[in-house]
Structures are given as C-alpha cells and as structure tokens.
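For reference, the chains in residue letters:
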Amino acid sequence: MFFDLEEELKKLPEKPGVYLMHDKEDQIIYVGKAIILKNRVRQYFQKSRNVSPKIARMIEQIAWFEYIVTDSELEALVLECNLIKEHNPKYNTMLKDGKSYPFLKATIQEDYPRFVFARQMKRDGAKYFGPFTSGAAIRDTIELLNKLFHLRNCRKVLPRDIGKERPCLYHQMGQCPAPCQGNVDKEEYGENFSQALSFLNGNTKGVLKELQNKMEALAQNMQFEEAAVYRDLINSVKQVTERQKITSDDHEDRDILAMARSGDEAVVQVFFIRGGKLIGREHYYLTGVNEEEDAHILGAFIKQMYAGTPYIPRELWTECEPEDAEAILEWLGKKRGHKVFLKQPKRGEKMRLLDLAKRNAQMVLAQDAEKLKRERARTLGAMEEIEGLLGLTGLNRVESYDISNINGFETVGSMVVFEKGRAKKNDYRKFRIRSVTGPDDYHSMEELLTRRFTHGQREDLEEMDSFRLFPDVIFMDGGKGQVNIAEKVLAELGISIPVCGMVKDDHHRTRGLYFQNEEIPIDTHGQGFRLITRIQDETHRFAIEYHRQIRGKTQVHSILDDIPTIGATRRKALMKYYESIEEIKKADVEELKQVPGMNEASARAVVEFFREG
C-alpha cells in the first residue's frame, strides 16, 4: 500500500490514543499508547533522538502505522493491553505464558450453598476466594471444608430435588447431613456454611474455640468417641492454618512482585497475599527485555497480567515504580471497583518479604538458565549449525515435503513447516495428488510443489493463509532427484529459494545433505543433525498419517454401493437380512423383495448386477 510518512505524521491528532506499527508484510510489530499521539509517534522518526538498539531495529522495519483515538489516557491503556494480547507484537515486551488461575467458589445465592472449583470469576451472585496457584489445593480445601462443617458437594437443586433420590455415600459415611432428604433445615445448614465462610476469611479462632467447647462438653458427659471426632477436627484446622504464613496483621489482599533478569529473559515472582496470609506464589517468564528499563518491564507485566485476571488485590508491592503508574492505578481501580494502591517498601518486614520474592525470582531464573540454554541449542543453535553447513545466513522458516502411496494407490503429499527450529503445526498442509496415476514420486512431487508455490504467488491470499509465507530453505526427503524436481519447479515460477536433500543410507538413516550438486557430510552428534532428523521424521510421519486416513475412508466401501438404486439405507437392510454377500448373490427377485425397503426394481437391479458380474 502507498504510505506517505511525512503526510501521515502531519495528520496525527493532539489527543490520547493507541498507535500500531506495521512492517512491510503488514504484521503488527509494536503497539503503544500516548497521552498526545502527535508528539509520541513523531518521536520515533526524529533522527536526532537517541533510542535503544531494539527500538532502532523496530523503526527500520516500520512500513506504515495506524492509530486509534481515545477520550483519556486510561482508555488508551486498556486498549493497549487488549491489542498487545490480541496481536502478540514482536517488539513489545511480552508475557510468555497465558495461564489462568482457578478460584474457590461459594454458591451463597443457593438455598443450600456449596463450595465448588471455578476457572473464572463470574457475576452470578456467588462469593469467590483466590485466585489459587494450584487446582489440587482448591480441591483439597473443598474436601476439608465439607468434612469440617458437614456440607454437601452434590449438584442437586435444593429444595426442588429434596426426596427425589436416595442419599449418597457421603451421608452414609457421616460427612453430609443429607439436605437432599430434608434431614437438615435451611437455617441450620446455613449456620454451618457461615462458619466455613468465616474460616476461609481467616477467622479460625472462633471456629477453634467452638470446636474446643463442644469437645470438652462431650468429654464431661463421658461421650469420649464423639469428643475424639472434635479433637481430630481441631487438629485438622490447626494443620491448615499452619500452612499459611502470616505476613501481616492487617488482613489485606495484596500481590508482591519482584523481578530477576538475565539477557533477553526475565522472571517476575508474584506472592499472593489474601487476608494477610500468603496463600501461594507463581513465577512468570517474559521475553524481549534485553534493552528495556526495569520500570518499563514491570509496567508491561502488570498491564498484561491483570488484564487477564478477574481479581485485583487492594495493594501491589513492587521494587520500583512501574512506567505509567498513575494510569495503571486508575485502570486497576476501575477493574476492582475500589481504589488500588502501589507501594515500594524500603525497610522492615515489608522489605524482607519483597527481598524473599526477589530471591525466589533469581532462583527460578538460575535453575532454568541451563534448560533455556539447552532449548536454544536444539532450536536456534541447530539452525545456526545448518546455516554453517550450507553456507547460508538468515534461515528461519524451513519447509519439507514428502510423497506417500502404496503401489501408486491414492498418492498424497505432505508439507511440514519448522520455524526457528520448532515445528509450526498450524502451517502443515496436505495434498491429494490429482494428475499422476501409479507410483511416480517425481511427477507427484512436481505437482505438489507447483500447487504450493503457485498458490503462494496469488495476490488475493488472506492474511492468515500460511502459503503466502515462502520458506528460507526447502528440505526434500530424498537426494539429487528430488532436489532437481524442486529446483525445476521454482525456476519455472521465477522463485529463488535454496533447496537441499536429506540423504539416507542403505539402512534408511540420515547420512548427509545434498546441496548445490554435492553431498555434505554431517556431524551425527550435533544439534543440526538432530534437527534435520526431526524434520525428516516429521515429514514422513505426516505423509503416512494422511495416506492412512485416505486409505481408511476408501476401504469403508461395500460392493453393494456399486449397484444402481441401492443406497445406504437399502445396503444396511440387505446386510442385516442376509449373513453374507454370497447369500445375496444367490437370492432371486422374489426373495429380495422380502427385505424391508426393497421393491421389485431394486431387487431386479441386485440380481442383474451379480448376474453380469
């Protein structure tokens, strides 16, 4: 598209909003917000302005930009969060995982409420606790609450379903009073549930005192077995409360965020404090941070983290003030419905807890450094080895092709894609060969490649069509013959892409690469060799899998399908009426007319078909 940069810069409004930078492939590579769009966007194109190398690289790739005007900086921040999450831009600091954390849901809107596991917080009248970092912990908590306070865990709608079914096993075990049978009234059940809610809110002293009083009263009446039940309940409550580390006596909800970084990677450790107690912790990986300030990384993390969670705590504790702090606080406050506070502890117990989160982040980063190093070696490192073998640079996307058939039957082709050393399965494609009959792999491959690259040259392709992306190198599952076919097709279409063959030995094991009319040996212990083997195996597997699928569909076929007037219904009726095809062959018209759904014309068609055969 034609884009006059100077003219478009002049049109920028002096209003808040969001801007989106596009590259020449029309990919969104950066999303940002601005209090004044005119000033912010123009800064990117001022030659005198000093920018980080990362931003400089981004600016070089900008082909055009667009913007969306908002009424306030807060609206711009919300929109920025949504667009980053939607488009995953290359040059934004990105939260790498898309985890969601579950909640413990109290269905207080029901007449006989329950505690249930919930993935999302909804506006359904229920009360939610969490989020928790472990689904197993929630299920354990629910089981304990039901035992402690004799609550139901069934899904029956009460009182509508009272008396409709027998009580469940939990009632037989003495864990549920069976409100489904009308054994406990709404008020008594509600008192038990209120105690459970009080327990979850951290008020365990009242629960322990009441259990203690009941135990002592039963013991005084010589009811020692019943007293022992309450003794065990008291011990269970103490065990649960001991697992929760007290971090403050103000019973506030807060998240404590600390960061550790190394190179282009960062880890943010989050401690979840609910009701003054540490209920869990989680760490998050970020990438693209090499040339960013801590304040920018922290601001980007907070916006992406809390855009995706329904619960916002009252306080956030951080090491430094994040970028866009005022706008972030206003946005979080609107999401929460109450004011949110941002604090940077400098001394005392608060600073000690922040230091603890920091040490955890550093530990996670150190522990995973070797794993990240190994992962890079088997992906990007392997691609670099292959570049060295072939004498090429800038290899990112690899496409590999294979043909599969059995004696020329139902020939199919496969296209497998690897990017940055990883399989990109969304871009895999299957081909059913149309113009070739019999076992002719060369002509089948010629058809496959012609269709693939002819399609890729079309100008009306949709943005999401993977065919519009051409590979940096093509790997053929074979040697000189397959390479020559690929080079012939590319030459005829006017496309220049390096092609190499993955050559196997007599034992069907990869031994080298065929490139530019010579076979290149490979170090069989290197990561490049392992990646080539993975590509070759995946290409072969995908082709065979597709051929098996086609073959299976073809083989679900009966000779009866070839008889005129015999459709699926009559075929099933015949197969049900007779034990075998041989019996159908021997039957005459009168006998066949006895089959449900068969008339004289159909019966004659069957007899004539087998007579001619």
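Higher on the page you've got the structure.
Residues numbered from 1 in each chain as written. Predicted model: local features only at pLDDT ≥ 70, side-chain atom pairs only at ≥ 80, totals over all residues. Heavy atoms only, no water.

For the rest of this paragraph, the subject is the packing of aromatic side chains. Taken as a whole, this structure holds 11 aromatic pairs when the rule is applied. Note on Phe115 and Phe193: the rings are 4.5 Å apart at their centroids and 20° apart in plane angle, and the pair reads as stacked. A residue pair is termed long-range when its members are at least 10 positions apart, and Phe115 in strand S6 (residues 115–118) and Phe193 in helix H7 (residues 186–200) qualify at 78 residues. Of the residues examined, Phe115 reaches a relative accessible area of 3% and is grouped as buried. Ring centres of Phe431 and Phe467 lie 6.2 Å apart, and the angle between their planes is 20°; on these two criteria the pair is classed as stacked. With a gap of 36 residues between them, Phe431 in strand S17 (residues 429–432) and Phe467 in the loop between helix H13 (441–456) and strand S18 (473–476) connect regions that are remote in the sequence. The ring of Phe117 has Arg139 sitting right over it, with the charged end atom 4.1 Å from the ring centre. Against the face of Phe453 rests Arg452, its NZ or CZ located 4.5 Å from the ring centre. (Phe/Tyr/Trp six-rings, centres within 6.5 Å; stacked < 30°, edge-to-face > 60°. Helix = DSSP H or I, 4+ residues; strand = E, 2+ residues; numbered from the N terminus. Buried < 20%, exposed > 50% of the residue type's maximum accessible area, 1.4 Å probe, protein only. Lys NZ or Arg CZ within 6 Å of the ring centre and 35° of its normal.)

Okay, the pairing of strand S9 (residues 254–262) next. With seven of nine residues buried, S9 lies mostly within the body of the structure. For S9 and strand S10 (residues 265–274), the ladder comprises nine bridges, and the chain directions are antiparallel. What sits directly across from Arg254, in S10, is Ile273. Count of turn residues in the S9/S10 antiparallel hairpin: two residues, of which Gly263 carries a positive phi of about 60°. Pairing geometry for S9 and strand S12 (residues 315–318), over four bridges, is parallel. (Pairing = 2+ DSSP bridges.)

Now for the sheet that holds strand S3 (residues 64–69). Sheet strands associate in pairs through backbone hydrogen bonding, adopting either a parallel or an antiparallel arrangement. The strand order across the open sheet built from three strands is S2-S1-S3, with neighbouring strands paired in antiparallel fashion. Unpaired on one side and paired on the other, strand S2 (28–34) and S3 mark the two borders of the sheet. Strand-to-strand twist across the sheet, computed as the mean angle between neighbouring axes with direction ignored, equals 20°. Lying on the sheet, helix H4 (residues 73–87) is in contact with strand S1 (17–22), S2 and S3; it crosses S2 at an angle near 165°. (Axes fitted to C-alpha atoms, helices over the stretch in contact; angles between N-to-C directions. Contact = heavy atoms within 4.5 Å.)

For the rest of this paragraph, the subject is the packing of H13 against helix H14 (residues 480–493). Contact geometry of H13 with H14 gives a least axis separation of 9 Å together with a crossing angle of 35°. Of the two possible hands of crossing, H13 and H14 adopt the one that is right-handed. Along its contact with H13, which presents Asp441, Tyr442, Met445, Glu446, Leu449, Thr450, Phe453 and Thr454, the element H14 presents Gly481, Gln482, Ile485, Ala486, Lys488, Val489, Leu490 and Leu493. A class-by-class count of the residues in the contact of H13 with H14 yields nine nonpolar, four polar and three charged. (Left-handed = near helix turned anticlockwise from the far one by under 90°. Nonpolar A, V, L, I, M, F, W, Y, C, P; charged D, E, K, R; others polar.)

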